[in-house]
2 protein chains.
Amino acid sequence: MTARAERRSFWTWGYVSDEPNDAQRQDAARRLAGRIGEHVEPPPVPAIDEIPLPPSRLEVPERLAPWVSTATAERITHTYGGHSLELLKALRGEFDHPPDAVAHPRDEDELEATLDWCDRGGFAAIPYGGGTSVVWGVNVPPDANAAVTIDLDSLNAVLEVDEVSRAARIQAGILGPDLEAALKPRGLTLRHFPQSFPWSTVGGWVATRSGGHYATNHTHIDDFVESTRMLTPRGWFESRRLPGSGAGPSPDRLVLGSEGTLGIITECWLRLQKRPVFRATAGVRFPSWQGGCDAVREIAQAKLWPANLRILDPAEAEFSAGLSDEYALLIIGFESSEIPQGANIHAAVDIARAHGGEVDDDAILVDDGSGSPTGRRGAVGAWRNAFIGVNAGLTAGLGLLADTFETAITWDRWPDFDAEVRERVGRALREAVRGARLSCRFTHVYPDGPAPYYSFSGIVPRGAESERWRVVKQAATEAVVAAGGTVTHHHAVGRMHRDGWDLQRPGPFADLWRAAKRSVDPNGILNPGVLIDP
Amino acid sequence: MTARAERRSFWTWGYVSDEPNDAQRQDAARRLAGRIGEHVEPPPVPAIDEIPLPPSRLEVPERLAPWVSTATAERITHTYGGHSLELLKALRGEFDHPPDAVAHPRDEDELEATLDWCDRGGFAAIPYGGGTSVVWGVNVPPDANAAVTIDLDSLNAVLEVDEVSRAARIQAGILGPDLEAALKPRGLTLRHFPQSFPWSTVGGWVATRSGGHYATNHTHIDDFVESTRMLTPRGWFESRRLPGSGAGPSPDRLVLGSEGTLGIITECWLRLQKRPVFRATAGVRFPSWQGGCDAVREIAQAKLWPANLRILDPAEAEFSAGLSDEYALLIIGFESSEIPQGANIHAAVDIARAHGGEVDDDAILVDDGSGSPTGRRGAVGAWRNAFIGVNAGLTAGLGLLADTFETAITWDRWPDFDAEVRERVGRALREAVRGARLSCRFTHVYPDGPAPYYSFSGIVPRGAESERWRVVKQAATEAVVAAGGTVTHHHAVGRMHRDGWDLQRPGPFADLWRAAKRSVDPNGILNPGVLIDP
């Protein structure tokens with residue numbers, strides 16, 4: 001029934017073919033055992049058809065049966081998103097609140113019929129793109145009468161390409177790689193590469209305001225949206241395709257970040273790029289984290305708009321890029337389809353050096369337009385590979401707690417913010433885990449502030465993961481919000497970040513959004529519990 | 001009672017000191033008479049205290065009296081915005097629907113008391129910044145029980161400047177020049193220069209999503225907003241100050257473009273620039289309008305991000321910049337506080353020349369950082385002066401109909417769009433006026449499309465201005481919307497563009513916005529009739 005060539009793994013990121021095998025998991029366990037000095041054994045992966053599920057509370061009407069299923073495998077693979085605690089539950093065979101049915105509508109008529117069925121029955125309708133939410137954005141609320149997950153995987157085509165304006169009309173269910181494959185023959189690219197890129201969809205990116213490849217200037221998917229088309233229980237909400245407009249409040253900005261609470265996004269016009277051929281890259285070492293951060297600020301404020309401007313703190317630089325732990329690493333990258341980027345990289349490196357950055361002249365790589373990649377060697381390449389290689393499955397269930405939280409803060413508050421977050425989260429982490437690690441990089445940078453991305457990890461007793469995670473996560477949320485940051489910069493609110501979001505949003509926002517939602521979703525069926533109380 | 005040093009003119013743009021005197025108006029009339037071959041006489045300007053007004057329907061409570069007035073001059077100067085038909089009514093002494101009272105709250109407590117008075121009484125509350133709306137955004141609805149215009153002119157301070165992040169907390173009622181004067185000693189600038197800049201306010205810019213100085217990349221005020229603070233009848237709606245965020249739907253984007261329907265904006269954190277010292281400018285002539293437009297597209301798509309990239313069609317180039325009417329004129333300008341801009345201007349000129357653009361090498365002006373202006377000579381300077389010198393007062397009441405409409409459209413549809421708009425509007429114009437002129441320039445340019453700005457003018461019988469204007473405006477709205485554009489790119493919706501906006505917005509938008517509005521403004525007092533029916 002699914003439109004994807006491959007079935008998604010129900011217990012780790014990616015597809016069944018991405019799952020590590022038993023030998024790989026045993027090997028990872030042995031390495032971890034060596035590090036922590038005690039034996040660890042990877043738990044067995046249950047067989048998908050032996051997992052006990054509560055029976056479906058829905059009977060699928062015959063006319064919907066061609067695309068709506070209550071099969072166990074469907075319900076299991078759509079119970080969870082991509083957060084590690086969810087995947088741990090999955091590995092343990094705990095599926096207390098699966099959807100009662102999963103729909104794969106193959107066209108808009110089938111989507112309308114599906115949503116109408118949910119609306120009339122009062123079933124929770126949960127839009128589902130690639131299932132990579134790390135904020136509990138695709139779960140069935142425990143108090144739902146019944147729930148239908150609506151998987152957009154069959155609405156996955158590039159419908160039109162406008163090569164003159166460099167834009168395309170794209171269906172929401174298309175995966176990142178399929179989109180890029182469709183655009184490549186025309187020399188075009190979206191160049192929006194969130195970390196979930198291989199497994200996430202255009203609709204998911206728009207619904208959650210994902211952060212992509214570009215570290216400066218146009219960072220969120222928001223910046224690439226020309227128009228959106230979304231089905232609500234009260235009809236189609238479609239904006240006009242425009243390159244820019246100041247007419248009224250932007251309708252697209254109501255869709256962007258709506259996280260499935262207003263409707264189901266079916267397609268968008270997105271702005272594209274010509275594929276870059278001019279590139280320039282440098283990896284600059286900084287003996288001081290703060291010196292590196294100051295360089296980043298100045299490069300961002302010079303409005304050179306590098307495609308990449310990511311700094312890793314010493315811990316992260318050591319872990320991800322193999323540097324000695326005394327150095328922070330700043331990765332600067334420029335790219336263009338039309339203009340050589342040598343002048344830009346040298347201007348940026350000059351600023352970096354003025355702040356104590358170290359890079360050999362011959363390590364500044366400038367591609368003259370022949371198209372050979374510049375960013376895949378040395379420290380830059382090592383970092384790139386660490387970024388691309390997400391595989392939580394290897395260590396799943398071994399008692400290794402690892403997660404991230406990301407935020408944004410203005411520069412004036414940055415060093416204090418960093419110190420306070422590290423102090424509060426570090427304290428909670430050391431109490432909750434053994435072998436605590438806490439590190440930071442910037443994923444995106446604005447002229448007025450960075451988007452810091454913190455990673456934490458440590459060893460916890462098996463079975464205590466959830467409880468220990470909550471202690472650290474709560475400390476992180478409290479620290480970030482108290483110090484003036486946002487509870488998330490590009491991972492979305494979902495159900496996970498409701499407490500932080502409720503503290504940081506304008507007071508009347510919840511009432512306003514609830515009223516707006518009721519106007520298009522009077523029965524409150526769409527993704528209840530996300531963003532606001534129903 | 002007003003906080004401004006000078007009183008706004010009630011019948012022309014700007015202040016009383018901006019008004020032309022009788023000799024200047026007679027001179028303008030003689031020049032027009034020479035052009036049209038018949039005698040024209042400027043109508044007398046009525047004395048403000050002799051204009052008949054309907055009596056105020058409100059009695060101001062004593063506790064509000066220090067900042068709320070029902071004085072005739074106050075009511076007259078707050079009846080109209082800046083559209084020529086309004087100003088013509090003003091010149092004729094026609095003030096059928098003035099506000100019943102005008103408030104100038106001096107702090108947030110006084111603003112709260114004012115809005116509370118309106119809410120309890122059910123009086124329309126009309127937020128008022130600089131009064132430069134050209135879309136009937138500050139008028140009293142004829143069916144209001146009573147109306148209070150709330151002028152923010154006393155909330156006009158720069159409250160905080162963050163030089164590290166380059167941002168400032170600014171009160172909504174500050175005028176453009178006062179803002180720039182406050183920032184200049186710190187070497188900072190907002191560099192947001194809408195055409196109304198001398199007389200409009202930060203709050204007005206945010207409420208209407210104004211378009212400013214930058215022709216590419218960051219064009220609307222939206223791009224400079226870090227956070228907003230807005231008073232609604234149900235409390236304060238304040239967003240968190242952040243350099244970027246993907247947490248939920250952006251609260252600021254609900255405020256931006258709300259045009260006074262949700263609340264009264266009192267302050268914002270806005271992103272600033274360091275004052276530019278590196279500049280580069282070129283004025284490029286094109287024998288073909290389409291060739292020039294193609295060059296603009298390619299420069300925008302090369303992502304050089306010029307601060308200025310404005311092309312004038314041959315009619316406009318002749319009128320505004322003194323070129324022969326065979327040539328289109330493209331003005332390219334780069335600026336930076338940190339980076340020399342010579343490479344960028346030459347890259348842009350290379351693209352322009354490849355499309356037939358003509359410019360002498362020694363007319364490409366590059367400022368090495370000494371700070372001397374480059375854009376104030378030759379054709380570029382002539383255009384700049386024409387842009388800055390708004391003075392509708394000179395020809396007011398002489399039967400000269402002159403107005404503009406502006407839009408945006410993707411490049412793939414551009415040449416056809418232009419042809420269709422000129423055909424339909426041209427036909428209506430020739431039927432409605434003598435000596436019809438219709439011309440076009442781009443005010444802003446996106447990689448995926450331009451924002452064309454059309455100007456039209458002609459001579460009509462005095463007294464027929466409104467009727468003839470409606471014929472042309474309706475043709476323009478119909479043509480623009482039918483051909484896929486937006487009814488406005490940066491002039492806002494107001495009451496003027498309701499018909500076009502209703503056609504272009506998503507179907508359920510009006511219900512959604514009405515529901516959102518009711519949640520914060522249950523009595524529907526805020527700027528009724530703007531954006532949606534109450």
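For the structure, check the block above.
In this text, all values refer to a predicted model and were calculated from it rather than measured experimentally.

Q: Just give me the short version of the sheet that holds strand 8 (residues 225-232) of chain A, but keep the residues and values in it.
A: Residues and elements named next belong to chain A. With respect to topology, 5 strands assemble into an open sheet ordered 5-6-10-8-9, the strand pairing being antiparallel. A strand with exactly one partner marks an edge of an open sheet, and here the two such strands are strand 5 (158-162) and strand 9 (235-238). Between one strand and the next, the sheet's axes are offset by a mean angle of 10°, whatever the strand orientation.

Q: Which residues make up empty space enclosed by the protein, and what values do they have?
A: The gaps left among the atoms become clear once a water-sized probe is rolled over them. Residue and element names in this part refer to chain A. With the rule as written, the count across this model stands at 7 cavities of 30 Å³ or more. A volume near 220 Å³ is recorded for the second largest cavity. In terms of lining, the second largest cavity is formed by 23 residues, of which the most central are R4, R8, Y15, Y128 and D151. Of the residues belonging to the lining of the second largest cavity, the class tally is 5 nonpolar, 11 polar and 7 charged.

Q: Any details on the relation of the copies chain B and chain A? Residues and values, ideally.
A: What relates the two chain copies is a rotation about an axis together with a slide along it. By a simple turn and slide, chain B fits onto chain A: the slide is 0.0 Å along the axis, the RMSD is 0.0 Å, and the turn is 180°. Such a turn and shift between the copies fits a two-fold axis. The fraction of interface residues of chain B whose copies in chain A are also interface residues reaches 100%, indicating that both copies meet through the same surface.

Q: Outline the interface of chain B and chain A, listing residues and values.
A: Contact residues are listed per partner, giving 81 residues for chain B and 81 residues for chain A. Summed over both sides, the interface between chain B and chain A buries roughly 6,300 Å², with carbon and sulfur atoms accounting for 60% of that surface. Scanning the region where chain B abuts chain A turns up 4 salt bridges. One salt bridge in this structure joins D448 of chain B and R271 of chain A, with 2.7 Å as the shortest N-O distance. Linking chain B with chain A are 31 residue pairs in polar contact (both at pLDDT 80 or more). Those elements that provide at least two residues to the side of chain B that touches chain A are strand 9 (235-238), helix 7 (251-255), helix 8 (289-301), strand 18 (449-459), helix 13 (465-482), helix 14 (498-504) and helix 15 (509-520) of chain B. Of the residues forming the side of chain B that touches chain A, the biggest block, 8 residues, is contributed by helix 15 of chain B. The residue inventory of the side of chain B that touches chain A, partitioned by class, reads 37 nonpolar, 26 polar and 18 charged.

Q: Quick one: what's the story with the pattern of salt bridges, residue by residue and with numbers?
A: This structure, assessed with the given rule, holds 78 salt bridges over all chains. Taking the shortest distance from any N to any O, the salt bridge between D502 of chain A and R505 of chain A comes out at 3.4 Å. Look at D502 of chain A and you get partly exposed, because its relative accessible area is 29%. Shared partners join several salt bridges into a network, and the residues in it are D162, E226 and R241 of chain A together with D412 of chain B.

Q: An account of the side chain of R514 of chain A is requested, with residue identities and associated values reported.
A: All names here are of chain A. In this fold, R514 is placed in helix 15 (residues 509-520). Separated by 2.9 Å, the side chains of R514 and D511 make a polar contact. For R514, the side chain forms a polar contact with the main-chain oxygen of D533, separated by 3.1 Å. Those residues in contact with R514 that lie beyond four places of it in its chain are I532, D533 and P534.

Q: I'd love a proper account of the pairing of strand 8 of chain A, names of residues and values included.
A: Residue and element names in this part refer to chain A. Counting buried positions along strand 8 gives 8 out of 8 residues, so the element sits mostly inside the fold. Alignment of strand 8 against strand 9, held across 4 bridges, turns out to be antiparallel. When the bridges of strand 9 are listed, L231 appears paired with W236. What sits between the antiparallel neighbours strand 8 and strand 9 is a turn of 2 residues.

Q: Tell me about helix 13 of chain B, and name the residues and values.
A: All names here are of chain B. With 18 residues, helix 13 should reach 26 Å at 1.5 Å per residue; the first-to-last C-alpha distance of 25 Å fits that figure. The complete set of buried residues in helix 13 reads E465, W469, V472, K473, A475, A476, T477, A479, V480 and V481. Check the buried side of helix 13 and you find it contacts helix 3 (84-91), strand 16 (400-406), helix 12 (414-432), strand 18 and helix 14. Within two residues after helix 13, G484 carries a phi angle of roughly 100°, on the positive side.

Q: How would you explain the pairing of strand 6 (residues 167-171) of chain A if you had to name every residue and give the values?
A: Residues and elements named next belong to chain A. Burial of strand 6 is extensive: 4 of the 5 residues sit out of reach of the surface. Where strand 5 and strand 6 come together, 4 bridges link them in antiparallel fashion. Residue V161 lies in a different strand from strand 6, and its bridge partner there is A168. Counting the residues between successive antiparallel strands, the hairpin from strand 5 to strand 6 contains 4 residues, one of them, R166, with a positive phi of roughly 60°. Pairing of strand 6 with strand 10 (residues 264-271), which is carried by 5 bridges, proceeds in the antiparallel orientation. Note that in strand 10 the partner of R169 across the bridge is W269.

Definitions and cut-offs
- Residues numbered from 1 in each chain as written.
- Chains lettered and ligands numbered in written order.
- Predicted model: local features only at pLDDT ≥ 70, side-chain atom pairs only at ≥ 80, totals over all residues.
- Heavy atoms only, no water.
- Pairing = 2+ DSSP bridges.
- Helix = DSSP H or I, 4+ residues; strand = E, 2+ residues; numbered from the N terminus.
- Axes fitted to C-alpha atoms, helices over the stretch in contact; angles between N-to-C directions.
- 1 Å grid on protein atoms, 1.4 Å probe; cavity = no way out; pocket = protein on both sides within 12 Å on 5 of 7 lines; lining within 4 Å.
- Points joined across faces, edges and corners; volume = space filled by probe spheres on them.
- Nonpolar A, V, L, I, M, F, W, Y, C, P; charged D, E, K, R; others polar.
- Least-squares fit on C-alpha atoms with pLDDT ≥ 70 in both.
- Contact = heavy atoms within 4.5 Å.
- Buried area = accessible area lost by both parts, 1.4 Å probe.
- Salt bridge = Lys/Arg side-chain N within 4 Å of Asp/Glu carboxyl O.
- Polar contact = N/O pair within 3.5 Å; in protein donor to acceptor, adjacent residues only side chain to side chain.
- Buried < 20%, exposed > 50% of the residue type's maximum accessible area, 1.4 Å probe, protein only.
- Expected span 1.5 Å × (residues − 1).

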